[in-house]
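An overview of the molecular structure
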Amino acid sequence: MSFTDIIFYFFSAVLVASALGVITARNPVHSALLLVLAFFASAGLWLLLEAEFLAITLVLVYVGAVMVLFLFVVMMLDINLARLREGFWKWFPFGLLLGLVMSIEMAMVLTGKQFGANELPAPAARAADYSNTKELGRLIYTEYVYAFELAAVILLVAIVAAIALTLRQRGESKSMDVAKQVAVKREDRIRIVSMASEKKE
(Lines give C-alpha, C1' and ligand atoms only; values in the text may rest on other atoms or scores of the structure.)
Protein backbone atom coordinates (compact mmCIF):
# COMPACT_ATOMS: atom_id res chain seq x y z
CA MET A 1 0.00 0.00 0.00
CA SER A 2 1.44 3.32 -1.08
CA PHE A 3 1.47 6.60 0.81
CA THR A 4 -1.25 7.98 -1.49
CA ASP A 5 -3.51 5.03 -0.63
CA ILE A 6 -3.01 5.67 3.08
CA ILE A 7 -3.97 9.33 2.67
CA PHE A 8 -6.99 8.35 0.59
CA TYR A 9 -8.28 5.88 3.18
CA PHE A 10 -7.65 8.39 5.96
CA PHE A 11 -9.66 11.15 4.29
CA SER A 12 -12.36 8.67 3.30
CA ALA A 13 -12.72 7.42 6.87
CA VAL A 14 -12.89 10.98 8.20
CA LEU A 15 -15.48 11.87 5.56
CA VAL A 16 -17.71 8.88 6.32
CA ALA A 17 -17.43 9.35 10.10
CA SER A 18 -18.18 13.08 9.93
CA ALA A 19 -21.11 12.51 7.55
CA LEU A 20 -22.60 10.00 9.97
CA GLY A 21 -22.02 12.46 12.80
CA VAL A 22 -23.95 15.16 10.91
CA ILE A 23 -27.14 13.09 10.90
CA THR A 24 -26.70 11.50 14.34
CA ALA A 25 -25.58 14.47 16.43
CA ARG A 26 -28.30 15.86 18.69
CA ASN A 27 -26.87 19.37 18.85
CA PRO A 28 -27.38 21.36 15.59
CA VAL A 29 -24.13 23.27 16.18
CA HIS A 30 -22.22 19.99 16.43
CA SER A 31 -23.87 18.82 13.19
CA ALA A 32 -22.76 22.00 11.41
CA LEU A 33 -19.19 21.65 12.68
CA LEU A 34 -19.08 18.01 11.60
CA LEU A 35 -20.29 19.10 8.17
CA VAL A 36 -17.36 21.52 8.02
CA LEU A 37 -15.05 18.59 8.78
CA ALA A 38 -16.72 16.60 6.00
CA PHE A 39 -16.06 19.44 3.57
CA PHE A 40 -12.39 19.55 4.55
CA ALA A 41 -12.09 15.79 4.05
CA SER A 42 -13.76 16.10 0.64
CA ALA A 43 -11.30 18.85 -0.27
CA GLY A 44 -8.45 16.50 0.65
CA LEU A 45 -9.86 13.87 -1.70
CA TRP A 46 -10.11 16.48 -4.47
CA LEU A 47 -6.45 17.30 -3.93
CA LEU A 48 -5.56 13.64 -4.37
CA LEU A 49 -7.37 13.73 -7.71
CA GLU A 50 -5.25 16.77 -8.71
CA ALA A 51 -8.33 19.03 -8.72
CA GLU A 52 -6.86 21.89 -6.71
CA PHE A 53 -9.36 24.47 -7.97
CA LEU A 54 -12.37 22.41 -6.86
CA ALA A 55 -10.74 21.73 -3.49
CA ILE A 56 -10.03 25.38 -2.69
CA THR A 57 -13.48 26.36 -4.01
CA LEU A 58 -15.09 23.83 -1.68
CA VAL A 59 -13.19 25.24 1.29
CA LEU A 60 -13.66 28.93 0.47
CA VAL A 61 -17.28 28.83 -0.67
CA TYR A 62 -18.86 26.18 1.51
CA VAL A 63 -16.71 26.30 4.63
CA GLY A 64 -15.90 30.00 4.48
CA ALA A 65 -19.33 31.31 3.53
CA VAL A 66 -22.20 28.82 3.56
CA MET A 67 -21.32 26.99 6.77
CA VAL A 68 -20.55 30.24 8.60
CA LEU A 69 -24.03 31.41 7.62
CA PHE A 70 -25.51 28.12 8.83
CA LEU A 71 -23.72 28.47 12.15
CA PHE A 72 -24.98 32.02 12.63
CA VAL A 73 -28.55 30.99 11.82
CA VAL A 74 -28.43 27.94 14.10
CA MET A 75 -26.95 29.89 17.01
CA MET A 76 -29.28 32.88 16.58
CA LEU A 77 -32.48 30.83 16.34
CA ASP A 78 -34.00 29.30 19.43
CA ILE A 79 -34.51 25.79 18.08
CA ASN A 80 -36.88 23.61 20.06
CA LEU A 81 -35.26 20.18 19.79
CA ALA A 82 -38.14 18.42 21.53
CA ARG A 83 -40.56 19.72 18.92
CA LEU A 84 -38.28 18.61 16.09
CA ARG A 85 -38.27 15.04 17.43
CA GLU A 86 -42.06 14.80 17.65
CA GLY A 87 -42.50 13.20 14.23
CA PHE A 88 -39.37 11.03 14.38
CA TRP A 89 -41.04 7.66 15.00
CA LYS A 90 -43.81 8.51 12.56
CA TRP A 91 -41.36 8.76 9.66
CA PHE A 92 -38.85 6.20 10.99
CA PRO A 93 -40.12 3.25 8.84
CA PHE A 94 -39.94 5.36 5.68
CA GLY A 95 -36.45 6.58 6.56
CA LEU A 96 -35.34 3.03 7.32
CA LEU A 97 -36.67 1.80 3.98
CA LEU A 98 -35.00 4.67 2.15
CA GLY A 99 -31.68 3.99 3.90
CA LEU A 100 -31.93 0.31 3.00
CA VAL A 101 -32.53 1.11 -0.67
CA MET A 102 -29.58 3.51 -0.73
CA SER A 103 -27.35 0.91 0.96
CA ILE A 104 -28.29 -1.68 -1.66
CA GLU A 105 -27.57 0.78 -4.45
CA MET A 106 -24.17 1.66 -2.98
CA ALA A 107 -23.32 -2.03 -2.60
CA MET A 108 -24.27 -2.67 -6.23
CA VAL A 109 -22.12 0.25 -7.39
CA LEU A 110 -19.07 -0.66 -5.30
CA THR A 111 -19.17 -4.34 -6.25
CA GLY A 112 -19.45 -3.58 -9.96
CA LYS A 113 -16.74 -4.43 -12.42
CA GLN A 114 -15.83 -0.79 -12.99
CA PHE A 115 -14.71 -0.55 -9.36
CA GLY A 116 -12.21 -3.39 -9.55
CA ALA A 117 -8.81 -2.48 -8.11
CA ASN A 118 -6.92 -3.81 -11.11
CA GLU A 119 -9.21 -2.28 -13.72
CA LEU A 120 -8.98 1.37 -12.70
CA PRO A 121 -6.75 3.31 -15.09
CA ALA A 122 -3.84 5.16 -13.55
CA PRO A 123 -4.12 8.96 -13.68
CA ALA A 124 -2.24 10.43 -16.59
CA ALA A 125 1.00 12.18 -15.74
CA ARG A 126 0.84 15.94 -16.21
CA ALA A 127 3.56 18.38 -17.03
CA ALA A 128 4.99 20.60 -14.31
CA ASP A 129 3.42 23.73 -15.79
CA TYR A 130 -0.04 22.12 -16.24
CA SER A 131 -2.91 24.09 -14.66
CA ASN A 132 -6.24 22.36 -14.23
CA THR A 133 -7.78 25.74 -13.35
CA LYS A 134 -6.83 27.06 -16.78
CA GLU A 135 -8.13 23.88 -18.41
CA LEU A 136 -11.40 24.12 -16.47
CA GLY A 137 -11.85 27.74 -17.53
CA ARG A 138 -11.14 26.86 -21.13
CA LEU A 139 -13.77 24.11 -21.12
CA ILE A 140 -16.39 26.24 -19.36
CA TYR A 141 -16.04 29.20 -21.70
CA THR A 142 -15.67 27.23 -24.95
CA GLU A 143 -17.43 23.86 -25.05
CA TYR A 144 -19.86 24.38 -22.15
CA VAL A 145 -20.43 28.13 -22.40
CA TYR A 146 -24.17 27.82 -23.19
CA ALA A 147 -24.81 25.44 -20.32
CA PHE A 148 -22.79 27.70 -18.00
CA GLU A 149 -24.74 30.81 -19.02
CA LEU A 150 -28.04 28.94 -18.77
CA ALA A 151 -27.21 27.84 -15.23
CA ALA A 152 -26.35 31.43 -14.31
CA VAL A 153 -29.69 32.70 -15.69
CA ILE A 154 -31.62 29.98 -13.82
CA LEU A 155 -29.88 30.91 -10.56
CA LEU A 156 -30.64 34.60 -11.14
CA VAL A 157 -34.32 33.85 -11.78
CA ALA A 158 -34.45 31.70 -8.63
CA ILE A 159 -32.94 34.50 -6.54
CA VAL A 160 -35.40 37.08 -7.89
CA ALA A 161 -38.35 34.71 -7.38
CA ALA A 162 -37.29 33.94 -3.81
CA ILE A 163 -37.04 37.64 -2.96
CA ALA A 164 -40.40 38.38 -4.59
CA LEU A 165 -42.13 35.54 -2.74
CA THR A 166 -40.61 36.59 0.57
CA LEU A 167 -41.72 40.21 0.20
CA ARG A 168 -45.19 39.19 -0.98
CA GLN A 169 -45.75 36.97 2.05
CA ARG A 170 -44.69 39.74 4.41
CA GLY A 171 -46.89 42.30 2.73
CA GLU A 172 -43.97 44.70 2.44
CA SER A 173 -43.46 44.60 -1.31
CA LYS A 174 -42.17 47.91 -2.59
CA SER A 175 -42.31 48.94 -6.21
CA MET A 176 -41.39 52.12 -8.03
CA ASP A 177 -43.49 53.95 -10.61
CA VAL A 178 -40.95 55.02 -13.20
CA ALA A 179 -43.39 57.41 -14.92
CA LYS A 180 -43.95 59.33 -11.67
CA GLN A 181 -40.21 59.51 -11.04
CA VAL A 182 -39.53 60.92 -14.49
CA ALA A 183 -42.42 63.42 -14.31
CA VAL A 184 -41.42 64.83 -10.94
CA LYS A 185 -40.63 68.56 -10.78
CA ARG A 186 -38.44 70.63 -8.57
CA GLU A 187 -41.45 72.24 -6.89
CA ASP A 188 -42.68 68.81 -5.81
CA ARG A 189 -39.49 67.97 -3.97
CA ILE A 190 -37.95 71.27 -2.86
CA ARG A 191 -39.51 74.10 -0.86
CA ILE A 192 -37.52 77.34 -0.74
CA VAL A 193 -37.99 79.26 2.47
CA SER A 194 -36.92 82.90 2.69
CA MET A 195 -35.27 83.69 6.04
CA ALA A 196 -33.89 86.91 7.34
CA SER A 197 -30.16 87.07 7.75
CA GLU A 198 -28.75 87.10 11.25
CA LYS A 199 -26.33 89.77 12.40
CA LYS A 200 -23.53 89.06 14.81
CA GLU A 201 -23.53 91.27 17.90
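Predicted model only: the values in this text are computed from it and were never measured. (Residues numbered from 1 in each chain as written. Predicted model: local features only at pLDDT ≥ 70, side-chain atom pairs only at ≥ 80, totals over all residues. Heavy atoms only, no water.)

Regarding the UniProt feature "transmembrane region" (unreviewed entry) in the protein chain
Using the residue numbers shown here, the UniProt feature "transmembrane region" (unreviewed entry) corresponds to residues 6–25, 32–49, 55–79, 91–110 and 144–167. Along residues 91–110 one finds 100% helix and 0% strand; the C-alpha atoms at either end are 28 Å apart. Along residues 144–167 one finds 96% helix and 0% strand; the C-alpha atoms at either end are 35 Å apart. (UniProt positions renumbered as here; feature names shortened; annotations may be inferred. Helix = DSSP H or I, 4+ residues; strand = E, 2+ residues; numbered from the N terminus.)

Points about the pattern of salt bridges
What the rule picks out here adds up to 1 salt bridge. A salt bridge links Glu 135 to Arg 138; the nearest nitrogen and oxygen atoms lie 2.6 Å apart. Here Glu 135 and its partner Arg 138 are both found in helix α6 (residues 132–140), 3 residues apart, which amounts to about one turn of the helix. Judged by its relative accessible area of 41%, Arg 138 falls in the partly exposed class. (Salt bridge = Lys/Arg side-chain N within 4 Å of Asp/Glu carboxyl O. Buried < 20%, exposed > 50% of the residue type's maximum accessible area, 1.4 Å probe, protein only.)

Observations concerning helix α2 (residues 28–48)
Look at α2: 31 Å from first C-alpha to last across 21 residues, which is about the 30 Å you get at 1.5 Å a residue. Buried within α2 are the following residues: Ser 31, Ala 32, Val 36, Ala 38, Phe 39, Ala 41, Ser 42, Ala 43, Gly 44 and Leu 45. Structurally, α2 contributes buried residues whose contacts are with α1 (3–24) and α3 (52–76). Measuring from the backbone nitrogen of Val 29 back to the side-chain oxygen at the start of α2 gives 3.0 Å, which picks out Asn 27 as the cap. (Expected span 1.5 Å × (residues − 1). Contact = heavy atoms within 4.5 Å. Polar contact = N/O pair within 3.5 Å; in protein donor to acceptor, adjacent residues only side chain to side chain.)

Quick word on the environment of Leu 33
Topologically, Leu 33 is positioned in helix α2. By relative accessible area, which is 45% here, Leu 33 ends up partly exposed. Leu 33 sits 35 residues away from Val 68 along the chain, and the two C-alpha atoms are 9.6 Å apart.

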